[in-house]
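Survey of secondary and tertiary structure
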Amino acid sequence: MGRFYEIYFLIVFLHFRLTSTAQAPLIQFFYWNVDPFFHLTQYNDTHGSLFESFQLAELHCRRRSYNKANNCDADDKYGSTRKFIEYVKVAVGHRKFLEAIFSPNRLSKVNTSEYRGDCDQPLLQIWGVIFMDKSEEWIDLRLKNLTLFKYTTSEKLALVAKRSSILLTNKILTGISNCTEPIFLSVFMAFIFGTLFWFAEHRENDDVSEYFLTGIQDAAWCCFVSMTTIGYGDVLAKSVIGKFVMWIWITIGLLFIAVICGNVFVAVDNPPDFHAKRITVISNTIAEKYARHNLNAKVIQVGTYREMFSLISDSKADAALMNSDVYSVYQGFSDRDLMLNEKLNCVTEFEVNQPILLAFQDISLMSPEAKELFQCMTGEQNKRLIFDFPIMQNPTQSRVDVVYNGRLNVEYFLYLFLVTLILFIICTIYAFFLGKISISSNCSRSG
């Protein structure tokens, strides 16, 4: 009989524990997934610098009197039955997250749990992570009952583009296309000086025909090989005037060659130019501001980083400008993970001062226990630096690729091979009809 009562009371106790509403946690953290700061996977695997900060905060701040506040039960003198922190996902993407924060009834948009009456409210509510390019005055006018605090600072923005933009072949062609003006000018100047060279040489020089249409070809040829410093020596200046003309032309021609080669070297050695191009950014961030004012870009606003990568992969955007710390995480992902058609690379970085922010409820509205917890987490000395733990002092670095020549670009060489083959076939057919080639000539001679 005694055994029966033991089982009965155990069942009643378990029923009460399972059906009763739990106590509210000490902290509620409302988030959106953004590496490397905070990410909670569908398998409840949590990582990121903010998660590490919360773990340290729990170790440092849990043994305080506020654990027993508001008639909440404590299991011993060092802790409480209350959970230290609860993670509540607010939105997918930064844009939706900001909409929720700036909404007057922000908590109504969040699915939170219902807690027991004695401990139905958390002591602290934190919102993060926030990227903002607005002034404090702008934020204070619109952000009701919340105060922003700086978690850390990101010093760089990463410009991400397709790998094809930094292929060596593409960069050489880009350098050549950037100097079309000096190329065409050098061609015209070569014919001008070739004409002067013919006037000076056609009477005294056997290498130059005395007929203009024929002789100008020899003179122009001499100017081209002299400009490129090849100098075959088949056509030479023999008169004093001809030598003077060629001396001036060689000096000018070397300048043209130097400009053309310099443009190619600059294009190869420097990141691609994305000024006035289509650049996708996370909305309401310093990246958007930088793209508009510094790059004069056609900005495409998105809410998530995966949207940015998809736009580049589908050629709907030329590049993406994003937080360098965030990109350093995505840099380790495979193309299959990001569902991309082409590999992306960070082609350059820009120096900026991007604060990474968190939002707390207004300090003036906090209870004494909440203020004690808040001061424990933020530190007495610096109220604008949350947690007082150097988690993000040495963030991971993004790899910047200015030029990529690690793999043979088969597509380009296939095109060149096809062009060469077509030219060979055309020349063979042309020579055959002129009688300059005979398929059976070698056979007939051997017979």
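Keep in mind it's a predicted model, so treat the numbers as computed, not measured. (Residues numbered from 1 in each chain as written. Predicted model: local features only at pLDDT ≥ 70, side-chain atom pairs only at ≥ 80, totals over all residues. Heavy atoms only, no water.)

1. Observations regarding the packing of helix 6 (residues 180–201) against helix 7 (residues 212–227)
Applicable threshold: In this analysis an axis means a line fitted to C-alpha atoms, helices contributing only their contacting stretch, and an angle means the value between N-to-C directions, from 0 to 180 degrees. The way it works is that DSSP assigns letters per residue, a run of H or I at least four long becomes a helix, a run of E at least two long becomes a strand, and they are numbered from the N terminus. Throughout, the term roughly parallel applies to angles under 35 degrees, roughly antiparallel to angles over 145, roughly perpendicular to angles from 65 to 115, and oblique to all others. Working rule for handedness: look at the near helix, and if it is turned counterclockwise from the far one by less than a right angle, call the crossing left-handed; if clockwise, right-handed. Contacts are residue-level and defined by heavy atoms, with any inter-residue pair within 4.5 Å sufficient. Nonpolar residues are Ala, Val, Leu, Ile, Met, Phe, Trp, Tyr, Cys and Pro. Charged residues are Asp, Glu, Lys and Arg, and all others, Gly as well, are polar.
Orientation of helix 6 relative to helix 7, taken along the N-to-C sense of each, is 125°, at an axis distance of 8 Å. In terms of orientation, helix 6 and helix 7 fall into the oblique class. Crossing geometry of helix 6 relative to helix 7 is assigned as right-handed. Residue-level contacts link Ser186, Val187, Ala190, Phe191, Phe193, Gly194, Thr195, Phe197 and Trp198 of helix 6 to Phe212, Gly215, Ile216, Ala219, Ala220, Cys222, Cys223, Phe224 and Met227 of helix 7. Classifying every residue of the contact of helix 6 with helix 7 by side-chain character gives 14 nonpolar, four polar and no charged.

2. Here's the deal with the UniProt feature "transmembrane region" (unreviewed entry) in the protein
In plain terms, the rule: UniProt positions are given in the numbering used here, feature names are shortened, and annotations may be inferred rather than shown by experiment.
In the UniProt entry, the feature "transmembrane region" (unreviewed entry) is given for residues 183–200, 212–232, 244–268 and 412–433. For the annotated span residues 212–232, helix accounts for 76% and strand for 0% of the residues, and the straight-line distance between the end C-alpha atoms is 22 Å. In residues 244–268, the share of helix is 100% and the share of strand is 0%. The end C-alpha atoms are 37 Å apart.

3. With respect to the sheet that holds strand 1 (residues 27–31)
Cut-off, in case you're wondering: Note: two strands are recorded as paired if DSSP finds a minimum of 2 bridges between them.
Spatial ordering of the open sheet is given by 4-1-5-10-6-9-7-8, a layout of eight strands whose pairing is mixed. Edge strands, defined here as strands with exactly one partner in the open sheet, are strand 4 (85–89) and strand 8 (298–302). Taken over all neighbouring pairs, the strand axes of this sheet differ in orientation by 25° on average, direction set aside. Pairing between strand 7 (residues 278–282) and strand 9 (residues 319–323): two bridges, direction parallel. Across the sheet, residue Thr280 finds its bridge partner in strand 9, namely Ala320. Across the sheet, helix 9 (residues 286–293) is in contact with strand 6 (146–162), strand 7, strand 8, strand 9 and strand 10 (344–361); its angle to strand 10 comes to roughly 135°. Lying on the sheet, helix 10 (residues 305–313) is in contact with strand 5 (124–131), strand 6, strand 7, strand 8, strand 9 and strand 10; it crosses strand 9 at an angle near 160°.

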